[in-house]
Every structure is written in C-alpha cells, then in structure tokens.
Amino acid sequence: MATIKTKFRPSSVPEREGTIFFQVTHNCMTRQVRTSFRLFSHEWNSRAMCVVCSAASREREAFLHDLHCRMVGEYRKLEEIVAGKERKGAGYTADDVLAAYSGCACASYTFFGFMREVIASLKQMGQLRTSETYTAALKSFVRFRDGVDLLFDDFDSMLLVAYEAYLKRRGVSRNTSSFYMRILRAVYNRALECGRADTAVNNPFRHVYTGVDKTVKRAITLEAVRRIMRLDLKDVPMQDFARDMFMFSFYTRGMSFVDMAYLSKKALQNGFLTYRRKKTGQQLVIRWEECMQKIVDKYDTAGSPYLLPIIRSFADERTRYKSAGHLVNRNLKMVGKKADLSVPLSMYVARHSWASVAKNKNIPVAVISEGMGHDSESTTRIYLASLDTSVIDKANRLILSALS
C-alpha cells in the first residue's frame, strides 16, 4: 500500500516562506506533488509533520489554523485515492495516485470546500441572507470538527448524531440544531446532484432531527401594544425610534425589519404600499393608513430612496441594515421594560403580535395563516397568495381601529 508523507521545503532565500508538498511512495517509487501552502520554517514542526498554529498575532494564528485544516483536507484526499485503488485490487503506481489527485478538482471534494463553493455561489446570485445562514451553519460544523475537513465518504449518520449531541451540550435549541442539519442536508443533496457524494451511501440524516418544533409564542396582547404606542419617549430618541419601527411593523401586518429597511418610496402609490418580501420574493400589497404616514412624516428622509431612515448610508447597505437592526432590538428591550412586558421586546414580536391579535379578533385562519407562523413558510405563502388583498386590508383596519 502506498504511503503518504507531508513535507516542508524551506525557501533558499532567508526570511521567505517555504512550501509544503506531499510525498507518495509505492513499490519503491517516490513522487512528490507541490501544494500552494506556504509558511515560514519556524511555523513547521518537522517531527510531527504538521503546522505550528501558534503565532505572535491573532491574524497569523487564524491563517495558520486555516492552512492546517486545508492541508489536512488535501492529505485526506490522497488517502482516499490510495484506499480506493487498494479496494479495486488492481495494480497502480505512485504516478497513478498523483494523476488521480490532479483530477480531484472534478472528482472528489472535501465537505468544507464544497460548502464554501455553495456559499460563494449564493452570494454571486444575490442570495445574501441565505449565504449568511449557510456560513453560520458551516462555522458551527467546523467548530465541532476542530477545523478538520472531511471527505463525503466520511459524512455518515454516526458523524451527524455526534454533531447533534455536540450542539445539545452547547445549549443550542432543538430548532436551531434542526436548522443547521437542514442546511447541511441541502449542501449534501447538492453534492449528490453533481456527483461529489456517493448516492449508494444511506441517508446520513436519518437519525438526527430535521423537523421544526413549535416555539414559545412571542406575541403580546393588544393592550400591551397600546401601552408601547402611548409611551412618552421624546427624551430618549433611540428608544423613540425603536418604538416607531416596532409600531410601523405592527401597522403593516408584521412587516419584517429587512423589508422595512429596503422599503422604497416608489412602493407607496395611490394609497397602497406594494413590496416583495426579501425572504420569499412574495409580493404583498397593504392599504396605506394614517398611523403609517405619521411615522414616515416624523423622520427626514430627504435625498434617500427609502421610505424609512434605517439605511442612512448607501455604502455597504446590508451591513448598515444589520447594524441598525441590532441597535433597534437593543433599544426595544428597554422600551419593553418601560411598558411592563413579560417577554423581551423585539421586532419579531411585532409580527407575532399582529397575527395573535388578528386571531383573537376572530379573523379567519386563512387570512392570517395562523399568525404567519405556520410550521412551514410555504403554507403561509399558499394561504396569503390565494386571498383577495382587500380581505387582509379589512382585517388590518379592524386591528388598527382597536388601538384608538
């Protein structure tokens, strides 16, 4: 059986980085393959044949850790190639191993590498929110693996059961664990489609939870919403603004903060607000009401294409929106305490609260689609898409009139 060793060749020029290469030996024949991994001599442990991940700066440590993980992934590719040739039982040479390794760009990917490709593709397609959730899932899985990449052949049910147990030990909720698992499953299915993973392998997700538990309701009563609306916050502008954003969301049937942030002035025409949800692409039409106009009139957005002053700078808009969201939610926590709420106040509470109040007003479940909180978003979209928007506007007007 072929042996594989990781070697380091220092640079002939002092104070320059050397190169890592792999050495494959089989039947007294030795071949070497150079990698793109470069580091200084003191960053290589020649006895253990591994990267020394400690460094003077955090940035260099992070670089070395990432290099180590990628190097291990490449080493594992070579190991799998050799194991595959051994399983076939046919003769092979060290040159055959290197030839197969050179073709790995098409034939065999590590899981981390493939998932990073998927994330990059999502970003290119403009699916930034999805790419962020995929990145969060990948970071969690990388932490579980201590940064060590793996081939798809090693991606099995035992590994995922161990990952699920790891998440539980860290206090991650069952829904969040399931969310990560569903993302990993989506990536795995993509790998199956393009031949990166073996379709003969049994479903590795069969023993882990990938469903959605009903969460504790985050809705507040209509009386609580009324208390928030009537709070005197003029002396604390940040809390006043946060309260206004909460109320605007409630007024507009629980509009999400990201949709509020990107709400164009052109979206408001002829007494109706028309926009597409960032999350689903679904178009919604809302009758414009006086309470909504009062909030818009309160803030100066001259020179901005947006209806609300959430994105105040047009450089790196997504970062600005996310930063504004964190700030609003932090201030809403303080607003909630002033309103004597029993639950932490957030923008998401506005969405749940509109639905809950609608249900208590005996508005048909089909109209509110279980408070926009069905077990699946697709069910919500199906319900809302099939309704005349005037029915929803009538429901919204009924709720808003109850505030006064």
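Here goes a summary of the coordinates provided. All of these numbers come straight from a predicted model, not from anything done at the bench.

Some details on the overall build of the protein chain
Within the protein chain one finds 16 helices and eight strands. Burial statistics for the protein chain: of 404 residues in total, 44% are counted as buried. Accessible area for the protein chain stands at about 21,600 Å²; split by element, carbon and sulfur atoms hold 51% of it.

Some words on helix 4 (residues 111-124)
Helix length check: helix 4 (14 residues) gives 20 Å between terminal C-alpha atoms against 20 Å at 1.5 Å per residue, within 8%. Within helix 4 the residues assigned to the buried category are Phe111, Phe112, Phe114, Met115, Val118, Ile119 and Leu122. Axial view of helix 4: buried residues confined to an arc of 165°, hence all on one face. Here the buried face of helix 4 lies against helix 5 (128-144) and helix 7 (174-193).

Remarks on the nonpolar core
If you look at the biggest cluster of nonpolar residues, it comprises 58 residues, and the most contacted ones within it are Met245, Phe246 and Phe248. Take this core: its biggest share by element is eight residues, from helix 9 (residues 237-251). Once residues lying within four places of it in the same chain are set aside, the contact partners of Phe246 are Ile220, Ile228, Leu332, Leu345, Ser346, Met347, Val349 and Ala350. Listed in part, the 30 residues of the second largest apolar core include Leu122, Leu150, Tyr166 and Leu167.

Quick word on the packing of aromatic side chains
Applying the stated criterion across every chain yields a total of 23 aromatic pairs. Relative to Phe141, the ring of Phe112 has its centre 6.1 Å away and its plane inclined at 80°; by these criteria the two rings are edge-to-face. Here Phe141 lies in helix 5 and Phe112 lies in helix 4, a separation of 29 residues in the sequence. Between Phe144 and Tyr163 the ring centres are 5.2 Å apart and the planes differ by 45°, which places this aromatic pair in the tilted class. You can see Phe144 sitting in helix 5 and its partner Tyr163 sitting in helix 6 (residues 157-169), a full 19 residues away along the chain. Tyr163 shares its class with Phe144; the two are buried. When the ring centre of Tyr209 is taken as origin, the NZ or CZ atom of Arg174, which lies over that ring, is 3.6 Å away. The lysine or arginine in question, Lys278, covers the ring of Tyr262, its NZ or CZ lying 4.1 Å from the ring centre.

As for the sheet that holds strand 2 (residues 18-26)
The strand order across the open sheet formed by three strands is 1-2-3, and the pairing between neighbours is antiparallel. Edge positions in the open sheet fall to strand 1 (3-9) and strand 3 (29-39), since each of these has one partner strand only. Strand-to-strand twist in this sheet, taken as the mean axis angle between neighbours without regard to direction, amounts to 25°. Relative to strand 3, strand 2 runs antiparallel, the two sharing eight bridges. Following the sheet pairing, Gly18 is matched in strand 3 by Leu39. In the packing of helix 2 (residues 94-102) onto the sheet, the strands contacted are strand 2 and strand 3, and the crossing angle to strand 3 comes to about 30°.

Some details on the side chain of Thr35
Considering the arrangement of structural elements, one finds Thr35 in strand 3. At 2.6 Å, the side chain of Thr35 and the backbone oxygen of Ile20 are in polar contact. A polar contact is formed between the side chain of Thr35 and the backbone nitrogen of Phe37, at a distance of 3.1 Å. Discounting chain neighbours no more than four positions away, the residues touching Thr35 are Thr19, Ile20, Phe21 and Phe22.

Some remarks on the packing of helix 6 against helix 7
Packing of helix 6 against helix 7 brings their axes to within 10 Å, and their N-to-C directions diverge by 150°. Considering their axes alone, helix 6 and helix 7 lie roughly antiparallel with respect to each other. When the axes of helix 6 and helix 7 are compared, the crossing they make is right-handed. Across the interface between the two elements, Leu160, Tyr163, Glu164 and Leu167 of helix 6 pack against Ser177, Tyr180, Met181 and Leu184 of helix 7. Taken together, the residues of the contact of helix 6 with helix 7 sort by class into six nonpolar, one polar and one charged.

Topic: the side chain of Asn331
When you line up the elements, Asn331 lands in helix 12 (residues 317-338). By relative accessible area, Asn331 is classed as buried at 8%. Aside from chain neighbours lying at most four places away, what touches Asn331 is Met238, Gln239 and Ala242.

Rules used throughout
Residues numbered from 1 in each chain as written. Predicted model: local features only at pLDDT ≥ 70, side-chain atom pairs only at ≥ 80, totals over all residues. Heavy atoms only, no water. Helix = DSSP H or I, 4+ residues; strand = E, 2+ residues; numbered from the N terminus. Buried < 20%, exposed > 50% of the residue type's maximum accessible area, 1.4 Å probe, protein only. Areas by Shrake-Rupley, 256 points an atom, 1.4 Å probe, with all protein chains shown as cover. Expected span 1.5 Å × (residues − 1). Arc of directions from axis to C-beta. Contact = heavy atoms within 4.5 Å. Core = buried A, V, L, I, M, F, W, Y, C linked by side-chain atoms within 4.5 Å. Phe/Tyr/Trp six-rings, centres within 6.5 Å; stacked < 30°, edge-to-face > 60°. Lys NZ or Arg CZ within 6 Å of the ring centre and 35° of its normal. Pairing = 2+ DSSP bridges. Axes fitted to C-alpha atoms, helices over the stretch in contact; angles between N-to-C directions. Polar contact = N/O pair within 3.5 Å; in protein donor to acceptor, adjacent residues only side chain to side chain. Parallel < 35°, antiparallel > 145°, perpendicular 65-115°, else oblique. Left-handed = near helix turned anticlockwise from the far one by under 90°. Nonpolar A, V, L, I, M, F, W, Y, C, P; charged D, E, K, R; others polar.

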